[in-house]
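Descriptive structure summary
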Amino acid sequence: GAVVSQHPSRVICKSGTSVKIECRSLDFQATTMFWYRQFPKQSLMLMATSNEGSKATYEQGVEKDKFLINHASLTLSTLTVTSAHPEDSSFYICSARANDRGGQPQHFGDGTRLSIL
Amino acid sequence: QKEVEQNSGPLSVPEGAIASLNCTYSDRGSQSFFWYRQYSGKSPELIMFIYSNGDKEDGRFTAQLNKASQYVSLLIRDSQPSDSATYLCAVRKTNAGKSTFGDGTTLTVKP
């Protein structure tokens, strides 16, 4: 089956640090990647959608200068949380989808648990 | 009205029973429908997807789609305690669009 690798799985760092999270599709080319955030016992919240080689589309209320997304290749997207603060602590999950013909499903990475002290 | 609605639960069924999870959606033009399972503290995992009206079976899971009534359901036969999780319904309007997720239904299977 389709495998999406997300790294790191857990980050603990001081306030003001920038954190980069990588998301890779291991056995398929991901035309589109998605970044979600999920707080404990809450729903998935879509942050942004990225297509390879183009700028990400951010959801309303998500600061694009704070959450930098780069989708440089068909197998790699990165999310950088810049100058992270305690309120950015959350579970960040990436998801990737293969070419858009035929309504391919999204496959999720294992997530990154970010804790800002 | 939310675009994708699910009963939050919790839904509790005894081991061996059939668990029935329902999802309704508002956009009649939706084309693709997905069910994900999410264990506590973990990321979602794809269980099934369905595109056409009717039933689609995969092992103990059956997805049912009724576009006229705008609902999609997931049946889990012979429920096991390991099926205890939150089940997310996702709906997509176009092949290239983004999926809209419901808030999920929490299922508990009691031994």
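What comes next concerns the included structure.

This part covers the state of the cysteines. Summed over the entire model, instances satisfying the criterion amount to 2 disulfides over all chains. The disulfide bridge from Cys 23 of chain A ends at Cys 94 of chain A, spanning 2.0 Å between sulfur atoms. Taking the torsion about the sulfur-sulfur bond, which here is approximately 75°, the covalent link between Cys 23 of chain A and Cys 94 of chain A counts as right-handed. Placement of Cys 23 of chain A in strand S3 (residues 19-25) and of Cys 94 of chain A in strand S9 (residues 90-97) is noted, with a sequence separation of 71 residues between them. Through a disulfide, Cys 23 of chain B is tied to Cys 89 of chain B; the S-S separation comes to 2.0 Å. Sign of the S-S torsion, about -70° for the bond between Cys 23 of chain B and Cys 89 of chain B, identifies this disulfide as left-handed.

Bringing the pattern of salt bridges into the picture now. Counted under the stated rule, the structure contains 8 salt bridges over all chains. Glu 22 of chain A is paired through a salt bridge with Arg 24 of chain A; the nearest N and O atoms lie 3.5 Å apart. The partly exposed category is assigned to Glu 22 of chain A, whose relative accessible area is 27%. Among the residues examined, Arg 24 of chain A registers a relative accessible area of 35% and is labelled partly exposed. A salt bridge links Lys 93 of chain B to Asp 27 of chain B, with the shortest nitrogen-to-oxygen separation between them at 3.5 Å. Remark: Asp 27 of chain B occurs in the loop between strand S3 (19-25) and strand S4 (32-38) and Lys 93 of chain B occurs in the loop between strand S9 (85-92) and strand S10 (99-101); sequence separation between them is 66 residues.

All names here are of chain A. What the 4 strands build is an open sheet, ordered S1-S3-S8-S7; its pairing is antiparallel. In this open sheet, the two strands that pair with only one neighbour each are strand S1 (4-7) and strand S7 (67-73). Pairwise comparison of adjacent strand axes, ignoring direction, gives a mean angle of 15° for this sheet. Direction of pairing for S3 relative to strand S8 (residues 76-81): antiparallel, over a ladder of 6 bridges. The partner of Ile 21 across the bridge, within S8, is Leu 79.

What follows deals with the interface of chain B and chain A. Many authors give the size of an interface as the accessible area that is lost as the parts come together. In this complex, chain B contributes 20 residues to the contact, which on the side of chain A involves 24 residues. Across the interface of chain B and chain A, roughly 1500 Å² is buried in total on both sides, 49% from carbon and sulfur atoms. Interface area lost by chain B to chain A is led by Ser 43, Asn 95 and Lys 98 of chain B, which between them contribute 28%. The interface formed by chain B and chain A holds 1 salt bridge in total. One salt bridge connects Glu 59 of chain A with Lys 98 of chain B, and the closest N-O pair in it is separated by 2.8 Å. Our enumeration of links across chain B and chain A arrives at 9 residue pairs in polar contact (both at pLDDT 80 or more). Contributing elements (two or more residues each) for the side of chain B that touches chain A: S4, strand S5 (45-50), S9 and S10 of chain B. Broken down by element, the side of chain B that touches chain A gets its largest block of residues, 4 residues, from S4 of chain B.

Quick look at the side chain of Ser 32 of chain B now. Along the chain, Ser 32 of chain B turns up in strand S4. Judged by its relative accessible area of 2%, Ser 32 of chain B is buried.

Note on backbone geometry: most residues besides glycine have negative phi, and most peptide bonds are trans. A cis amide bond links His 7 of chain A to the next residue, Pro 8 of chain A, at an omega of 0°. Checked against the element boundaries, Pro 8 of chain A lands in the loop between S1 and strand S2 (10-13). Residue Gly 9 of chain B is joined to Pro 10 of chain B through a cis peptide bond whose omega torsion reads 10°. Relative to the assigned elements, Pro 10 of chain B resides in the loop between strand S1 (4-6) and strand S2 (11-14). Phi at Lys 41 of chain A takes a positive value of approximately 60°, unusual for a residue other than glycine.

The next point concerns the nonpolar core. Counting 26 residues, the largest nonpolar core has Trp 35, Tyr 58, Phe 67, Ile 69, Leu 79, Tyr 92 and Leu 114 of chain A as the members making the most contacts within it. Of all the elements in the fold, those that place two or more residues in this core are S2, S3, strand S4 (32-38), strand S5 (45-51), S7, S8, S9 and strand S11 (112-116) of chain A. Those residues in contact with Ile 69 of chain A that lie beyond four places of it in its chain are Trp 35, Ala 48, Ser 50, Ala 56, Tyr 58, Ser 77, Thr 78 and Leu 79 of chain A. Within the second largest apolar cluster, 23 residues are counted, among which are Ile 47, Met 48, Phe 61 and Val 91 of chain B.

Thresholds applied
Residues numbered from 1 in each chain as written. Chains lettered and ligands numbered in written order. Predicted model: local features only at pLDDT ≥ 70, side-chain atom pairs only at ≥ 80, totals over all residues. Heavy atoms only, no water. Disulfide = S-S within 2.5 Å. Helix = DSSP H or I, 4+ residues; strand = E, 2+ residues; numbered from the N terminus. Salt bridge = Lys/Arg side-chain N within 4 Å of Asp/Glu carboxyl O. Buried < 20%, exposed > 50% of the residue type's maximum accessible area, 1.4 Å probe, protein only. Pairing = 2+ DSSP bridges. Axes fitted to C-alpha atoms, helices over the stretch in contact; angles between N-to-C directions. Contact = heavy atoms within 4.5 Å. Buried area = accessible area lost by both parts, 1.4 Å probe. Polar contact = N/O pair within 3.5 Å; in protein donor to acceptor, adjacent residues only side chain to side chain. Core = buried A, V, L, I, M, F, W, Y, C linked by side-chain atoms within 4.5 Å.

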